[in-house]
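This is what each chain is made of:
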There are 2 protein chains.
Amino acid sequence: MKALIVDDDLALSDVVSFTMRRAGFDVITAHDGRSALERWEADDPDIIILDLNLPKLDGLSVCKSIRDQGDTPIIILSVRGEEEDVVKGLELGADDYIVKPFSPRQLVARAEAVLRRAKSAPVFPGPQSAGNFVLDPARNEVCIGNGDNIQLTQLESRLLEVLMLNCGQVLTSVSIIDSVWGSNGGDRVMLKQLVYRLRRKIEINPSEPVHLITISGVGYAFEA
Amino acid sequence: MKALIVDDDLALSDVVSFTMRRAGFDVITAHDGRSALERWEADDPDIIILDLNLPKLDGLSVCKSIRDQGDTPIIILSVRGEEEDVVKGLELGADDYIVKPFSPRQLVARAEAVLRRAKSAPVFPGPQSAGNFVLDPARNEVCIGNGDNIQLTQLESRLLEVLMLNCGQVLTSVSIIDSVWGSNGGDRVMLKQLVYRLRRKIEINPSEPVHLITISGVGYAFEA
DNA sequence: CAGGTGGGTCACAAGTTGGTAACAGGCTCA
DNA sequence: TGAGCCTGTTACCAACTTGTGACCCACCTG
């Protein structure tokens, strides 16, 4: 496993490098945005630890460039007070963030978690399965366990597909709405309705859902 | 939105074109592999509907060429019995497939789904751990030791996240307020209230806190 | 001792969120 | 044309979240 560490603070960069090496990573470093991109292209790392404050080319731009050209996992380093930039980074496709000061062990733990997540989520069209759910998006049908097929509507099928593609993860209402209706299509009320209708088809007891879980104030998650 | 439709069966191609046009797409057509590539380079479509059986240059080769040079979404049209080719196509980077015969509406739905999927959902940060506390900021849940999960509100979860990220360190009230409510959001009274509420959930004896410690005149600290 | 300050506790109200239900327009298909 | 389904819309209700004011106690200081 190769890690690219990008930080202009040399002291910190050294600490991080040491920790990651001890955790079994090969480490490459860069100290400004432009050389970060060069190292990324040249050495093809498995994960990138990226500080946002960088000379020559700021962290967000680096993040965007890398996301435009590939899907190497990225963890953002930020200092307190940069919350907005962190959010921007996550929206640009970063995989996680960690706030300085942090314990080295924390960083390693997050890095390994991100790598695990990256490997386990190959996005593939066609029939989706998660747990004992098998969804055929082409026919809008879902089969639960070894039971009968359940006929869904198109919207129900899309909703379930999005959730199953991100099985176990929490999706915000907004991102679900984007995925189901497109970026300027639906609203929360329509999603609420759709969830209600889907639950009546796939949950044994729709009023106590065990698969299509509500995360209050955030969104929904699918559990197999 | 521009769609490039590639099929040597003129009748089918016409039906597909008509449907896509009615769905609001601009449509370009090609009837063999070589001209498909030419049209792709010349017109830069947003999505490609690609039949696999093509004269001059077969569909898989077209698929490969396009993937080598760009990332335009591709939907493969196949007839039953060509499953192996479909799999090859998906491995080459096609985004979805649809089996003939299909209803026009289905095709449009899949096309829109693929386009939506192209800009995918934002990802949530992973769990935080400190001592025997494990916090899932996405679900607003915390697990203490091997006990049950405790459901938090959004604000409680943010507060705990900030404190856990700086485990063992003292944070001033002001910096906590900034992190939880944003730079011009909260005041000390709201923080006081929030601490009180969080303590009732995570402390065994809320009136003698051992984790969420008060540093009088300064702020708070989290101890694992 | 009186008064001020910081913090903990409690109760309440407004606002928000999510689940449920019923209905209407539009589309498909016979 | 008419039946039936899908989807969006509105409405209502219950539960929860959050901000606010009030009150208390402990401590410090003059």
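Here the structure is shown first, and the text comes after it.
Residues numbered from 1 in each chain as written. Chains lettered and ligands numbered in written order. Predicted model: local features only at pLDDT ≥ 70, side-chain atom pairs only at ≥ 80, totals over all residues. Heavy atoms only, no water.

Some thoughts on the sheet that holds strand β9 (residues 149-151) of chain B
Residues and elements named next belong to chain B. Here is the rule we go by: Paired strands are those between which DSSP finds at least two bridges. Numbering of helices and strands runs from the N terminus, with a helix taken as a DSSP run of H or I at least four residues long and a strand as a DSSP run of E at least two residues long. Every angle, taken between N-to-C directions, lies between 0 and 180 degrees, and every axis is a line fitted to C-alpha atoms, over only the stretch in contact when it is a helix.
The strand order across the open sheet formed by four strands is β6-β7-β8-β9, and the pairing between neighbours is antiparallel. Of all strands in the sheet, those with a lone pairing partner are β6 (128-130) and β9, marking the two edges. Shown here is a sheet whose adjacent strand axes are inclined to one another by a mean of 20°, direction ignored. Direction of pairing for strand β8 (residues 141-144) relative to β9: antiparallel, over a ladder of three bridges. Its bridge partner being in β9, C143 is matched across the sheet by N149.

Overview of the protein's contact with DNA strand C
Note the threshold: Neighbouring residues are identified by heavy atoms, a residue being near a molecule or strand if any of them is within 4 Å of it. Polar contact is the term for a pair of N or O atoms within 3.5 Å; when the atoms are in protein, one must be able to donate a hydrogen and the other to accept it, and sequence-neighboring residues count only if both atoms are side-chain atoms.
Among the 22 residues in the neighbourhood of DNA strand C, the closest are listed as K192, Y196 and T214 of chain A together with Q193 and Y196 of chain B. Counting only atoms of DNA strand C within 4 Å of the protein, the fraction found in sugar and phosphate groups is 51%. K192 of chain A is positioned with one of its side-chain polar atoms (N or O) 2.6 Å from a base oxygen of DNA strand C. Elements represented by at least two residues in the surface near DNA strand C include exactly α8 (188-202) of chain A together with α8 (188-202) of chain B. The biggest single contributor to the surface near DNA strand C is α8 of chain B, with six residues.

Observations concerning α8 of chain A
All names here are of chain A. Cut-off, in case you're wondering: Working rule for helices: expected span equals 1.5 Å times residues minus one. Relative accessible area decides the class of each residue, using a 1.4 Å probe on protein chains only: under 20% of the type maximum gives buried, over 50% gives exposed, and in between gives partly exposed. Working definition: the arc comes from the directions between the helix axis and the C-beta atoms, pointing outward to the latter. Contact definition: two residues touch when any of their heavy atoms are within 4.5 Å.
For α8, built from 15 residues, the straight-helix expectation of 21 Å at 1.5 Å per residue is met to within 8% by its first-to-last C-alpha distance of 21 Å. Taken residue by residue, α8 has L191, L194, V195, L198, R199 and I202 as its buried positions. Projection of α8 onto a plane perpendicular to its axis shows the buried side chains occupying an angular sector of 135°, all on one side. Across from the buried face of α8, at angles greater than 90 degrees, the exposed residues are V189, K192 and R200. Here the buried face of α8 lies against β7 (133-136), β8 (141-144), α6 (154-165), α7 (173-181), β11 (212-215) and β12 (219-222). Where α8 begins, one side-chain oxygen reaches toward the backbone nitrogen of V189, 3.1 Å away; that side chain belongs to D187.

Some thoughts on the pattern of salt bridges
Just so we agree on the cut-off: Counted as salt bridges are all cases of a side-chain nitrogen of Lys or Arg within 4 Å of a carboxyl oxygen of Asp or Glu.
One pass over the structure, following the stated rule, counts eight salt bridges over all chains. D43 of chain A is paired through a salt bridge with R39 of chain A; the nearest N and O atoms lie 2.5 Å apart. Pair noted here: D43 of chain A and R39 of chain A are both in helix α2 (residues 33-43), with a separation of four residues, about one helical turn. R139 of chain B is the salt-bridge partner of D136 of chain B, the closest N and O atoms lying 3.6 Å from each other. Residue classification places D136 of chain B among the buried residues on the basis of a relative accessible area of 18%. A residue is classified by how much of its surface remains accessible, and R139 of chain B, at 15% relative accessible area, is buried. A single network of salt bridges, built from pairs that share partners, joins E223 of chain A together with D136 and R139 of chain B.

Here's the deal with helix α1 (residues 10-22) of chain B
Residues and elements named next belong to chain B. Over its 13 residues, α1 extends 18 Å from the first C-alpha to the last, a length consistent with the 18 Å expected when each residue adds 1.5 Å. Regarding α1, the residues found buried are L12, S13, V16, S17, T19 and M20. Viewed end-on, α1 has its buried residues packed into an arc of 165°, placing them on one side of the element. Exposed residues on α1 whose side chains face more than 90 degrees from its buried face are L10, A11, D14, F18 and R22. Directly beyond the C-terminal end of α1, a positive phi value near 100° is found at G24.

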